[in-house]
Amino acid sequence: DQQVKQNSPSLSVQEGRISILNCDYTNSMFDYFLWYKKYPAEGPTFLISISSIKDKNEDGRFTVFLNKSAKHLSLHIVPSQPGDSAVYFCAASDGVYSGGGADGLTFGKGTHLIIQP
Amino acid sequence: NAGVTQTPKFRILKIGQSMTLQCAQDMNHNYMYWYRQDPGMGLKLIYYSVGAGITDKGEVPNGYNVSRSTTEDFPLRLELAAPSQTSVYFCASSYSSGRSGNTIYFGEGSWLTVV
């Protein structure tokens, strides 16, 4: 059963507008959330993260919002640029204090963002 | 600026063959991981290691083996390759636990086809 869900396989946005990528999760033990960006034929690269004690984290054009009660997070990219065209993965972890289980992250299936000129 | 290096980049295997995907990192990271990504799917954890000599299973370990004899290297061995192992494999590393929010750095991936 998927614990991290990205329900939009693809998203097309015009250059200069806002891109909003959504992610839902089911595991209430998740307490750290990350976004990774992936270009074709390359490995994922870390973009931005947020701890569950916050509801917003901003880094330049990228902002991640977390709504814990809804188990939902979103990534906002403003303004969108052609170089933002990539697959974006939402990922989550349940923290070292949850005890047991494997290390690493749980990933969603990804959203392919296409920025149109 | 090597980071995480994986070899080979592409490989075609016949059913029943075995091979090893090599992974090396030069960041002195303690934690290393192997993920696989099937088409249209997210990354799934195969095995991970928290330090030299210590490895553990992830979500999808069947058909694979790993070893960690040094901090730098974390090879993934496929025994008796099956078509279900056709995938893109990513090696990754982090200084400390990825579960506690430490950034995980990925290699460029190894494309494996089993025919």
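Refer to the structure printed above.
Residues numbered from 1 in each chain as written. Chains lettered and ligands numbered in written order. Predicted model: local features only at pLDDT ≥ 70, side-chain atom pairs only at ≥ 80, totals over all residues. Heavy atoms only, no water.

Visitor: What is the right way to read the overall build of chain B from this model?
Guide: Secondary structure summary: chain B contains zero helices and eleven strands in total. Ordered by position from N to C terminus, the α and β elements of chain B give β-β-β-β-β-β-β-β-β-β-β. For 115 residues, the compact-globule estimate of 2.2 N^0.38 gives 13 Å, and the C-alpha radius of gyration of chain B, at 13 Å, lies within 12% of that figure. A buried classification covers 47% of the 115 residues belonging to chain B. In chain B, 54% of the contacts between residues at least 6 apart in sequence involve partners at least 24 apart. (Helix = DSSP H or I, 4+ residues; strand = E, 2+ residues; numbered from the N terminus. Rg over C-alpha atoms; globule rule 2.2 N^0.38 Å. Buried < 20%, exposed > 50% of the residue type's maximum accessible area, 1.4 Å probe, protein only. Contact = heavy atoms within 4.5 Å.)

Visitor: Help me understand the side chain of Gln25 of chain B in this model?
Guide: With respect to the helices and strands, the residue Gln25 of chain B is situated in strand S3 (residues 19-25). For Gln25 of chain B, the residues in contact, after removing those within four places along its chain, are Gly3, Val4, Met32, Arg68, Thr71, Glu72 and Ser93 of chain B.

Visitor: What's the story with the state of the cysteines in this structure? I'm lost.
Guide: Think of a disulfide as a covalent bridge from one cysteine sulfur atom to another cysteine sulfur atom. Here the structure, examined in full by the defined rule, presents two disulfides over all chains. Residue pairing for Cys23 of chain A: its cysteine sulfur links by disulfide to Cys90 of chain A, the two sulfurs lying 2.1 Å apart. Where Cys23 of chain A bonds to Cys90 of chain A through sulfur, the torsion about that S-S bond is close to -75 degrees, and the disulfide is left-handed. A residue pair is termed long-range when its members are at least 10 positions apart, and Cys23 of chain A in strand S3 (residues 19-25) and Cys90 of chain A in strand S9 (residues 86-93) qualify at 67 residues. Residue classification places Cys90 of chain A among the buried residues on the basis of a relative accessible area of 0%. The disulfide that involves Cys23 of chain B links it to Cys91 of chain B, with 1.8 Å between the sulfurs. Around the S-S axis, the bridge from Cys23 of chain B to Cys91 of chain B shows a dihedral of about -75 degrees and counts as left-handed. (Disulfide = S-S within 2.5 Å.)

Visitor: Would you mind going over the packing of aromatic side chains with me for this structure?
Guide: What characterises a pair of aromatic rings is the spacing of the ring centres plus the angle enclosed by the ring planes. Per the stated rule, a full pass over the model turns up 14 aromatic pairs over all chains. Relative to Phe107 of chain A, the ring of Phe89 of chain A has its centre 6.3 Å away and its plane inclined at 85 degrees; by these criteria the two rings are edge-to-face. Of this pair, Phe89 of chain A sits in strand S9 while Phe107 of chain A is found in strand S10 (residues 106-107), placing the two residues 18 residues apart along the sequence. No difference in accessibility class separates Phe89 of chain A from Phe107 of chain A, as the two residues are buried. Taken together through their ring pairs, the aromatic side chains of Tyr36, Phe46, Phe89 and Phe107 of chain A together with Tyr33, Tyr35, Phe90 and Phe106 of chain B make up a single cluster. (Phe/Tyr/Trp six-rings, centres within 6.5 Å; stacked < 30°, edge-to-face > 60°.)

Visitor: What exactly am I supposed to notice about the pairing of strand S4 (residues 31-37) of chain B here?
Guide: Working note: regular strand, side chains alternate between the two faces of the sheet. All names here are of chain B. Taking burial as the measure, the seven residues of S4 include seven buried ones, the bulk of the element. Side chains of S4 alternate between two faces, with Tyr31, Tyr33, Tyr35 and Gln37 and Met32, Trp34 and Arg36 buried alike. The sheet contact formed by S4 and strand S9 (residues 87-94) spans seven bridges and is antiparallel. Residue pairing across strands places Trp34 opposite Cys91, the latter belonging to S9. Pairing analysis gives six bridges linking S4 to strand S5 (residues 43-51), with the strands arranged antiparallel. If you follow Trp34 over to S5, its bridge partner there is Tyr47. Between S4 and S5, which pair antiparallel and follow one another directly, the connecting turn spans five residues, one of which, Gly40, has a positive phi of 70 degrees. (Pairing = 2+ DSSP bridges.)

Any link to function would need more than the numbers given here.
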